[in-house]
Amino acid sequence: MNLSFSRSFSIFAVVLLLGGAARAADTNAQVDELISQGFKLRLQGKNAEALDLFLKAHALVPSARTLGQIGSAEVALHRWTEAERHLEDALSRHDSPWIEIPANRATLEKTLAEARQQIGRIEFRGPAGTDISVDGRHVGALPLAAPLHFAAGSVHVIASARGFQSLQQEIVVHGGASETVNLALLPVAPAAAAPAAI
């Protein structure tokens, strides 16, 4: 009885393993096809459509290869900060033979350098606890752990802190540069004392 059970269990385990391997092979084939289709779309200048396919491939099997394709398409679409993040992530991984090919790494490094030339790094300074929003998006409170990255151009900054007047400021971001912005918040004026009764 036990021998029969053992044999049945072994057969069941083998079937599961083979089924899992087949599903993995099918998924990898889907990823290869999505990347192939995306590459063809990029050759036709259809970078947004290609990006959609690369994102689908990444959702199936995340890897340096899919991230590299995503970042490269984002550069073509001038989505500089997203491209920088995805390309850095791709180059930090060693999860596929594709990323270990020197020519592929060199291409991603060159594309990343291109993206960084369009990105400025801003270090904000001001009173501790100052909340900062940029273009309507809250980015954190001072002190920030690291400079923030923005595409070159103009950004609208709102800074607020307890005991200080809120500050609104337009900042010009220069691509390829690192800058420090001092947020000169003014203290809230103390309330005027009530006049003494006569």
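Per-chain numbering applies: the sequence of each chain, read as written, is numbered from 1 onward. Whole-chain, interface and lining totals are the exception, using all residues; otherwise, since this is a predicted model, local features are given only for residues with pLDDT of at least 70 and side-chain atom pairs are given and counted only at 80 or more. Hydrogens are left out, water is left out, and the side-chain values use all remaining heavy atoms of the structure.

Trainee: Please provide a residue-by-residue account of the pairing of strand β3 (residues 137-141), values included.
Mentor: Note on pairing: DSSP must find at least two bridges between two strands before they are called paired. Here a helix means four or more residues in a row that DSSP labels H or I, a strand means two or more in a row labelled E, and each is numbered from the N terminus. Pairing analysis gives four bridges linking strand β2 (residues 131-134) to β3, with the strands arranged antiparallel. If you follow serine 133 over to β3, its bridge partner there is histidine 138. Connecting β2 to the next strand, β3, in antiparallel fashion are two residues, including aspartate 135 with a positive phi near 50°.

Trainee: Got a sec to walk through the side chain of asparagine 104? Specific residues and values, please.
Mentor: You can see asparagine 104 is positioned in helix α6 (residues 102-116). Two N or O atoms count as a polar contact when they lie within 3.5 Å, although within protein this holds only if one can serve as hydrogen donor and the other as acceptor, and sequence-adjacent residues are included solely when both atoms are side-chain atoms. Here the side chain of asparagine 104 touches tryptophan 98 through a polar contact of 2.9 Å, landing on its backbone oxygen.

Trainee: I'd like a description of the packing of helix α3 (residues 64-76) against helix α4 (residues 80-92), backed by residues and values.
Mentor: Two elements in contact, α3 and α4, have axes separated by 8 Å at closest approach and are oriented at 155°. In terms of orientation, α3 lies roughly antiparallel with respect to α4. Here α3 runs over α4; the crossing is left-handed. Contact with α3, carried on its side by Ala64, Leu67, Gly68, Ile70, Gly71, Ser72, Glu74 and Val75, involves Trp80, Glu82, Ala83, His86, Leu87, Asp89 and Ala90 of α4 and no other residues of that element. Ten residue types, Ala, Val, Leu, Ile, Met, Phe, Trp, Tyr, Cys and Pro, are classed as nonpolar, four, Asp, Glu, Lys and Arg, as charged, and the remainder, Gly among them, as polar. Looking at side-chain class alone, the contact of α3 with α4 contains eight nonpolar, four polar and three charged residues. The convention used is that axes are lines fitted to C-alpha atoms, helices contributing only their stretch in contact, and that angles between N-to-C directions extend from 0 to 180 degrees. What sets the label is the angle itself: under 35 degrees gives roughly parallel, over 145 gives roughly antiparallel, 65 to 115 gives roughly perpendicular, and the rest give oblique. Left-handed describes a crossing in which the near helix is turned anticlockwise from the far one by less than a right angle; the clockwise case is right-handed. The contact definition used throughout considers only heavy atoms, calling two residues in contact when any of these lie within 4.5 Å.

Trainee: Can you lay out unusual backbone geometry for me, pointing to particular residues and giving the numbers?
Mentor: With omega at 0°, the peptide bond leading from leucine 142 into proline 143 counts as cis. As for its position among the elements, proline 143 is in the loop between β3 and β4 (148-151). Positive phi, normally seen in glycine, also occurs at histidine 78, with a value near 65°. Here histidine 78 lies in the loop between α3 and α4. Even without being a glycine, aspartate 135 presents a positive backbone phi close to 50°. Here aspartate 135 lies in the loop between β2 and β3.

Trainee: Would you mind going over the layout of surface pockets in detail, with residue names and values included?
Mentor: Only protein atoms enter the calculation, which uses a 1 Å grid: trapped sets of points that fit a 1.4 Å probe without letting it out are cavities, open sets showing protein on both sides within 12 Å along at least five of seven lines are pockets, and any residue with an atom within 4 Å of a point is a lining residue. Grid points are joined across faces, edges and corners, and a volume is the space filled by probe spheres set on the points. Reported here for the largest pocket is a volume of approximately 240 Å³. Looking at the lining of the largest pocket, the elements with two or more residues in it are α1 (2-43), α3 and α6. Residues that form the lining of the largest pocket fall into these classes: five nonpolar, six polar and one charged. When its volume is computed, the second largest pocket comes out at roughly 150 Å³. What lines the second largest pocket is Asn28, Val31, Asp32, Ile35, Val61, Ser63, Arg65, Thr66, Asp95, Ser96 and Trp98. Secondary structure elements with two or more residues in the lining of the second largest pocket: α1 and α3. Residue contributions to the lining of the second largest pocket peak at four residues, all from α1. Looking at the lining of the second largest pocket residue by residue, the class counts come to four nonpolar, four polar and three charged.

Treat this as a map of the structure, not an account of what it does.
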